[in-house]
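A structural walkthrough
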Amino acid sequence: MKTPELDDIPGQREAKEMGEMKDLAGRLTLSVEEAAAALGISRSHAWRMVNRGTLPSLRIGHRVLVPVPDLQEWILEARIRAASDPKDEA
């Protein structure tokens, strides 16, 4: 009999993601992979956004990091843009 994977159990993926989000509290930077998980997007999409300059990032040596304050500001700006989008007014 196959052992259920984490994603097969209802609510387990969400619980795991919430635990990961708590682990990020107090951090100054996130890896691109951690930022992707926090945003709920794939790693490859996050890397495309970093390479295009649409997701805030900085390079320290060979590491590419996403500053948490910049990410929070980016999310706020995206929410403001979405709220003022005339397509939403119908």
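To start, this report covers the structure provided alongside it. Predicted model only: the values in this text are computed from it and were never measured. (Residues numbered from 1 in each chain as written. Predicted model: local features only at pLDDT ≥ 70, side-chain atom pairs only at ≥ 80, totals over all residues. Heavy atoms only, no water.)

If you trace the 3 strands from one edge of the open sheet to the other, you get E1-E3-E2, paired in antiparallel fashion. Two strands in the sheet have a free side with no partner beyond their single neighbour: strand E1 (29-31) and strand E2 (58-60). Adjacent strand axes in the sheet meet at a mean angle of 45° when their direction is disregarded. In this structure, E2 lies alongside strand E3 (residues 63-67), joined through 3 bridges in antiparallel fashion. The partner of Leu-58 across the bridge, within E3, is Leu-65. (Pairing = 2+ DSSP bridges. Helix = DSSP H or I, 4+ residues; strand = E, 2+ residues; numbered from the N terminus. Axes fitted to C-alpha atoms, helices over the stretch in contact; angles between N-to-C directions.)

Attention now moves to the environment of Val-50. Note on placement: Val-50 falls in helix H3 (residues 43-52). Taking the C-alpha atoms as reference points, Val-50 and Val-32, separated by 18 residues in sequence, lie 8.1 Å from one another.

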